Amino acid sequence: MNTSTASAPVALVTGANKGIGLETARRLVEAGYRVYVGARNPDLGKTAADRIGAQFLEVDVTSQESVDRAAEFVEQSDGRLDVLVNNAGVSGPIAEARDYTAEDATTVLLTNVVGYVRMIHAFLPLLERSGNPRIVNVSSGLGSFGLFHDDSRIESRFGSPLYAASKAGINMLTARYARLLPHIQINTADPGLTATDLSSGQGHSVHDGTDAIIAYALAAPGGVSGTFRDRDGDLPW
């Protein structure tokens, strides 16, 4: 364990070489955290981590071997993890309903849902060594049944069914895990429409998009668990 940083809280953000993940990591560094920028691509990940004063951690959430190696590295370096932000995800194709394939669905669900479960399982022992463990699952209002049935909301009119289904899965995973693991704060954050590659640059800034994520990540002991929020407040599941 690196004794010079042992007193700093430790955070890991997946999919953090750009966009919402990178801004989340930057804000955690700013808050005094020792932050791992998790990414599949070493070149992009190292460049991003260096830019914000974080440490790169190679991790591909679709690979059990990769995730296990990442967990072993954090265990050897820090001995615990205080905050896990599950952010890595793919949007999948945008197509006519008749054109979606099982292969498309597999790709989206393996990254966006199975990847979250893989990360939680691998890092749970390290989180349980923290005095205030927190998991933030980055989701979307597109996965909300409540917002889907509200015709005044953009979530009712747009969004790939595959991506939306993956986010609905994340929402239920969060609710269930929060009940089953009451000693860990586990919550779901919706960045909203944020100007990233996934939205083709449309929406509010990445700083605004990470507000809910950061609020959960920096929560004090005894905070809420099993909730779903964006920067403006609670959302319906």
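Residues numbered from 1 in each chain as written. Predicted model: local features only at pLDDT ≥ 70, side-chain atom pairs only at ≥ 80, totals over all residues. Heavy atoms only, no water.

Things to note about the nonpolar core
(1) Moving on: Leu 28, Val 35, Val 37, Val 85, Val 136 and Ile 213 are the most contacted members of the largest nonpolar core, which has 29 residues in total.
(2) Moving on: Elements represented by at least two residues in this core include exactly strand S1 (10–13), helix H1 (19–30), strand S2 (34–39), helix H2 (42–52), strand S4 (83–86), helix H4 (102–127), strand S5 (134–138) and helix H8 (211–217).
(3) Moving on: Per-element accounting of this core gives the leading share, five residues, to H8.
(4) Moving on: By size, the runner-up hydrophobic cluster in this structure holds 25 residues, among which are Leu 12, Leu 81, Leu 124 and Ile 135. (Core = buried A, V, L, I, M, F, W, Y, C linked by side-chain atoms within 4.5 Å. Buried < 20%, exposed > 50% of the residue type's maximum accessible area, 1.4 Å probe, protein only. Helix = DSSP H or I, 4+ residues; strand = E, 2+ residues; numbered from the N terminus.)

Description of the packing of helix H3 (residues 64–77) against H4
(1) Moving on: Look at H3 against H4: their axes get within 10 Å of each other, and the N-to-C directions meet at 20°. It follows from the interaxial angle that H3 and H4 lie roughly parallel. Along this stretch, H3 crosses H4, giving a crossing that reads as right-handed. Across from Gln 64, Val 67, Asp 68, Ala 70, Ala 71, Val 74 and Glu 75 in H3, the residues of H4 making contact are Arg 118, Met 119, Ala 122, Phe 123 and Leu 126.
(2) Moving on: Looking at the contact of H3 with H4, its residues break down into eight nonpolar, one polar and three charged. (Axes fitted to C-alpha atoms, helices over the stretch in contact; angles between N-to-C directions. Parallel < 35°, antiparallel > 145°, perpendicular 65-115°, else oblique. Left-handed = near helix turned anticlockwise from the far one by under 90°. Contact = heavy atoms within 4.5 Å. Nonpolar A, V, L, I, M, F, W, Y, C, P; charged D, E, K, R; others polar.)

Brief notes about the sheet that holds S1
(1) Moving on: One open sheet accounts for eight strands, arranged S3-S2-S1-S4-S5-S6-S7-S8; its pairing is mixed. For this open sheet the edge positions go to strand S3 (55–58) and strand S8 (233–234), each flanked by a neighbour on one side alone.
(2) Moving on: With four bridges connecting them, S2 and S3 associate as parallel partners. Bridge assignment links Ala 39 to a residue of S3, and that residue is Glu 58.
(3) Moving on: Contacts from H1 reach S1, S2 and S4 within the one sheet, and its direction differs from that of S1 by about 170°. (Pairing = 2+ DSSP bridges.)

A short note on the pattern of salt bridges
(1) Moving on: What the rule picks out here adds up to eleven salt bridges.
(2) Moving on: Here Asp 82 and Arg 80 are joined by a salt bridge, their closest N and O atoms 3.1 Å apart.
(3) Moving on: A relative accessible area of 6% means that Asp 82 is categorised as buried.
(4) Moving on: The residue Glu 155 makes a salt bridge to Arg 153 at a minimum N-O spacing of 2.9 Å. (Salt bridge = Lys/Arg side-chain N within 4 Å of Asp/Glu carboxyl O.)

Examining the packing of H1 against H2
(1) Moving on: The contact between H1 and H2 brings their axes to 10 Å, and the two run at 35°. For the pair H1 and H2, the sense of crossing is right-handed. Residues Leu 22, Ala 25, Arg 26 and Val 29 of H1 form the contact with H2, whose participating residues are Ala 48, Arg 51 and Ile 52.

Focus: H2
One full turn of an α-helix is made of 3.6 residues, so residues set three or four places apart face in the same direction.
(1) Moving on: Taken as a whole, H2 has its buried residues at Gly 45, Ala 48, Ala 49 and Ile 52. The arc enclosing the buried residues of H2, seen along the axis, measures out at 100°, which places them on a common side. Within H2, the exposed residues directed more than 90 degrees away from the buried face are Asp 43, Asp 50 and Arg 51.
(2) Moving on: Structurally, H2 contributes buried residues whose contacts are with H1, S2 and S3.
(3) Moving on: Two to three positions downstream of the cap, the backbone nitrogen of Asp 43 sits 2.9 Å from a side-chain oxygen, assigning the N-cap of H2 to Asn 41.
(4) Moving on: Count one or two residues on from H2 and you reach Gly 53, which has phi positive near 75°. (Arc of directions from axis to C-beta. Polar contact = N/O pair within 3.5 Å; in protein donor to acceptor, adjacent residues only side chain to side chain.)

A word on the packing of aromatic side chains
(1) Moving on: A complete count under the given rule lists two aromatic pairs for this structure.
(2) Moving on: Both rings, one in Tyr 36 and one in Phe 73, keep their centres 6.3 Å apart while their planes meet at 85°; by these two values the pair is edge-to-face. Of the two residues, Tyr 36 is situated in strand S2 and Phe 73 in helix H3; the sequence distance between them amounts to 37 residues.
(3) Moving on: Owing to a relative accessible area of 0%, Tyr 36 belongs among the buried residues under this scheme.
(4) Moving on: Note on Phe 73: relative accessible area 37%, which makes it partly exposed.
(5) Moving on: With centroids separated by 5.3 Å and ring planes inclined at 25°, the aromatic side chains of Phe 228 and Trp 237 adopt a geometry described as stacked.
(6) Moving on: With a relative accessible area of 1%, Phe 228 lands in the buried category.
(7) Moving on: We classify Trp 237 as partly exposed; its relative accessible area is 35%. (Phe/Tyr/Trp six-rings, centres within 6.5 Å; stacked < 30°, edge-to-face > 60°.)

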